[in-house]
Amino acid sequence: MQQAINGMTLPTVWFLFGLSGSGKSFAGDVLSRHYGWPVYHADDDITSAMREALNTTQPFTDAMRDEFFVVLLQTIRQRVSREPDKPLIVTQGAYKKRHRDWLQARLPQIRFIWVKSDPQLIVDRLRSRRDGISVASASALTNDFEAPDPKAEVLVNDCSADDILLQFQALLRG
């Protein structure tokens, strides 16, 4: 069963993607708290090969990403089946367009939202983290990011939780 807000049927999955440090997890947590939807921070489940690449400031290979996205699809499907009456919020970089397209082809009820932020704010966020990706690793990955179509839906995460909600509500209204 699909959930609806103001008569609009919601997608099964809201997929927040973008650069490391852009605030995908923050935005996902804000939306989860506000709407009561489950959130899945997919970076928690990156493969051991991907973790090793991050630890050595190496870029991910296509094979690493391909393997991860197969597992990611399975995990999303499992999580959606647990609470089919609620949309699932997924946060993950999804740097490559082909992987976003691949997920779209297999999950027709997915809606991608590009989370963007000021580059200096991203660096500041990464420096302030105790755990997670380093500034050097994030910088190495930045060159791999393929921006979506100019018509892509965007959340700009330079402000507060309230601003995230206002932007998301505008996306809901179309």
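Thresholds applied
Residues numbered from 1 in each chain as written. Predicted model: local features only at pLDDT ≥ 70, side-chain atom pairs only at ≥ 80, totals over all residues. Heavy atoms only, no water. Pairing = 2+ DSSP bridges. Helix = DSSP H or I, 4+ residues; strand = E, 2+ residues; numbered from the N terminus. Axes fitted to C-alpha atoms, helices over the stretch in contact; angles between N-to-C directions. Contact = heavy atoms within 4.5 Å. 1 Å grid on protein atoms, 1.4 Å probe; cavity = no way out; pocket = protein on both sides within 12 Å on 5 of 7 lines; lining within 4 Å. Points joined across faces, edges and corners; volume = space filled by probe spheres on them. Nonpolar A, V, L, I, M, F, W, Y, C, P; charged D, E, K, R; others polar. Salt bridge = Lys/Arg side-chain N within 4 Å of Asp/Glu carboxyl O. Phe/Tyr/Trp six-rings, centres within 6.5 Å; stacked < 30°, edge-to-face > 60°. Buried < 20%, exposed > 50% of the residue type's maximum accessible area, 1.4 Å probe, protein only.

> Give me the sheet that holds strand β5 (residues 88-91): which residues, what numbers.
Taken together, the 5 strands give an open sheet; going across it, the order is β4-β5-β3-β6-β7, and neighbouring strands pair in parallel fashion. Edge positions in the open sheet fall to β4 (39-41) and β7 (154-156), since each of these has one partner strand only. Across the sheet, the mean angle separating the axes of adjacent strands is 25° when strand polarity is ignored. In this structure, β4 lies alongside β5, joined through 3 bridges in parallel fashion. If you follow V39 over to β5, its bridge partner there is I89. Most of the contacts of helix α1 (residues 24-35) go to β5, to which it runs at about 165°, and overall it touches β3 (13-17), β4, β5, β6 (110-116) and β7. The strands touched by helix α4 (residues 97-106) within the sheet are β3 and β6, with β6 carrying the most contacts at an inclination of about 155°.

> Lay out the layout of surface pockets in plain terms, naming residues and giving numbers.
Its volume calculated, the second largest pocket comes out at about 200 Å³. The wall of the second largest pocket is formed by F17, K97, R100, D101, Q104, F112, W114, P148, D149, K151, A152 and E153. Those elements that place two or more of their residues in the lining of the second largest pocket are α4 and β6. The greatest single-element share of the lining of the second largest pocket, amounting to 4 residues, is contributed by α4. Among the residues making up the lining of the second largest pocket, the classes are represented as 5 nonpolar, 1 polar and 6 charged.

> So, the pattern of salt bridges: which residues are in play, and what are the values?
Close approach of charged atoms allows side chains with opposite charge to pair. What the rule picks out here adds up to 7 salt bridges. Between K86 and E83 there is a salt bridge, and its shortest N-O distance comes to 3.7 Å. Here E146 ties to K96 by a salt bridge, and the two come within 3.6 Å at their closest N and O atoms. Remark: K96 occurs in the loop between β5 and α4 and E146 occurs in the loop between α6 (135-142) and β7; sequence separation between them is 50 residues. Within this structure, D62, D66 and R98 form a network of salt bridges that share partners.

> Describe in detail the packing of aromatic side chains, supporting the description with residues and values.
The relative placement of two aromatic rings is captured by the distance of their centres and the angle of their planes. Considering all chains together, one arrives at 11 aromatic pairs under this definition. Measuring from ring centre to ring centre gives 4.8 Å for W14 and F168, while their planes differ by 70°; the resulting arrangement is edge-to-face. Remark: F168 occurs in helix α7 (residues 161-173) and W14 occurs in strand β3; sequence separation between them is 154 residues. Owing to a relative accessible area of 0%, F168 belongs among the buried residues under this scheme. Residues W37 and F168 carry aromatic rings whose centres are separated by 6.1 Å and whose planes lie at 70° to one another, so their mutual orientation is edge-to-face.

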